[in-house]
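What the coordinates show
Below, each chain spelled out in residue letters.
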Amino acid sequence: NLLAVLGGERTWGGELNINLQYLFKRSFDYRGSDSVTDPALRALAEQARLINNQLAADMHGASLRIDYKAFNETLETELAAVMWFKKKDSIITLKTSYAFTDRLKGIVGANIWSGPINSFFGRLRNTTAVFVECRVGF
């Protein structure tokens, strides 16, 4: 496989950071699962393609990350997203964290998976979740 990433990143005022990237993945010697005649083996091949995100010989996608820090970096909000255009499957991660002290940080966030069930991110859509985290440093 060949994976290429082309993008740009910019920070404004030390507080707002935006990163945008184009993703390209090439799977050499790609064969579609339609070329497998045995139905059981075809089903296995389709699952292997999903797990390895090899849904086409050439795949295109994009990623975006927006990060904002406030109050001397004690409050941080972040949105990160990745999308593969072939099946329009994606993941969006939202997160807000607050540093109560140098050793104690609280985090609230969500991971949102979407897309058709026969796509890399879409097969994980049932694991979409909201989370709360408390980090204590030593």
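In the block above lies the structure referred to throughout.
Here we summarise the structure given alongside this text. (Residues numbered from 1 in each chain as written. Predicted model: local features only at pLDDT ≥ 70, side-chain atom pairs only at ≥ 80, totals over all residues. Heavy atoms only, no water.)

Notes on the overall build of the protein chain
Quick reminder of the rule: Where helices and strands are cited, they refer to DSSP runs of H or I of at least four residues and of E of at least two residues respectively, numbered from the N terminus. Between the two quantities, the radius of gyration covers C-alpha atoms and the globule rule is 2.2 Å times the number of residues to the power 0.38. Each residue's exposure class comes from its accessible area (1.4 Å probe, protein chains only) as a fraction of the maximum for that residue type: buried when under 20%, exposed when over 50%, partly exposed otherwise. Whether two residues are in contact is decided by their heavy atoms: any pair within 4.5 Å suffices. Note on areas: Shrake-Rupley, 1.4 Å probe, and residue coverage restricted to the protein chains presented here.
Secondary structure summary: the protein chain contains one helix and seven strands in total. Relative to its length of 138 residues, the protein chain is extended, with a C-alpha radius of gyration of 19 Å against a globular reference of 14 Å. Among the 138 residues that make up the protein chain, the fraction classed as buried is 25%. For the protein chain, restricting intrachain contacts to residue pairs at least 6 apart in sequence, the fraction spanning at least 24 positions comes to 44%. By element, 59% of the accessible surface of the protein chain is carried by carbon and sulfur atoms, the whole surface being about 9100 Å².

Some words on the pattern of salt bridges
Any two side chains of opposite charge can pair, given that their charged atoms come close. Heads up, the condition is: Any Lys or Arg side-chain nitrogen found within 4 Å of a carboxyl oxygen on Asp or Glu counts as a salt bridge.
Applying the stated criterion to the full structure yields five salt bridges. Salt-bridge contacts for Arg 65 lead to Glu 78; the nearest nitrogen and oxygen are separated by 3.4 Å. Pair noted here: Arg 65 is in strand β3 (residues 58-70) and Glu 78 is in strand β4 (residues 75-84), with a separation of 13 residues, a long-range link. The partly exposed category is assigned to Arg 65, whose relative accessible area is 31%.

With respect to the nonpolar core
Just so we agree on the cut-off: As used in this record, nonpolar core signifies buried Ala, Val, Leu, Ile, Met, Phe, Trp, Tyr and Cys residues forming a set joined through side-chain atoms within 4.5 Å.
Membership of the largest hydrophobic core is limited to eight residues, which are Leu 23, Leu 50, Leu 55, Ala 56, Met 59, Trp 84, Ile 91 and Phe 121. Dropping the residues within four chain positions of it, Leu 50 is found in contact with Leu 55, Ile 117, Asn 118, Ser 119, Phe 120 and Arg 123.

Overview of the sheet that holds strand β2 (residues 16-26)
Strand pairing in a sheet takes place through backbone hydrogen bonds and is either antiparallel or parallel in direction. Just so we agree on the cut-off: Pairing between strands requires that DSSP locate at least two bridges from one strand to the other. The angle between two axes is taken between their N-to-C directions and runs from 0 to 180 degrees, where each axis is a line fitted to C-alpha atoms and a helix contributes only its stretch in contact.
Spatially, β1-β2-β3-β4-β5-β6-β7 is the arrangement adopted by the seven strands of the open sheet, whose pairing is antiparallel. Edge positions in the sheet fall to β1 (2-12) and β7 (129-136), since each of these pairs with one other strand and no more. Within this sheet the neighbouring strands show an average axis-to-axis angle of 10°, counted without direction. Both β3 and β4 contribute to a ladder of ten bridges, which runs antiparallel. Residue Ser 63 lies in a different strand from β4, and its bridge partner there is Val 82.

Quick notes on helix α1 (residues 39-51)
Filter applied, for reference: Working rule for helices: expected span equals 1.5 Å times residues minus one. Whenever two N or O atoms come within 3.5 Å, that pair is a polar contact, provided that in protein one can donate a hydrogen and the other can accept it, and provided that, for residues adjacent in sequence, both atoms are side-chain atoms.
In this model, α1 (13 residues) spans 19 Å end to end at C-alpha, consistent with the 18 Å of a helix rising 1.5 Å per residue. The N-capping residue of α1, defined by a side-chain oxygen 3.1 Å from the backbone nitrogen of Ala 40, is Asp 38. At the exit of α1 stands Asn 53, carrying a positive phi of roughly 50°.

With respect to a nonpolar patch on the surface
For clarity, the cut-off: Note that patches include only residues with greater than 30% relative accessible area and no salt bridge, and the join distances are 9 Å for like charges and 5 Å for nonpolar side chains (Val, Leu, Ile, Met, Phe, Trp, Tyr).
A surface patch of nonpolar side chains, amounting to about 200 Å² of accessible area, comprises Ile 92, Leu 94 and Ile 112. Locating Ile 112 in the fold gives a position in strand β6 (residues 104-114).

Any functional reading would require information beyond the geometric quantities listed.
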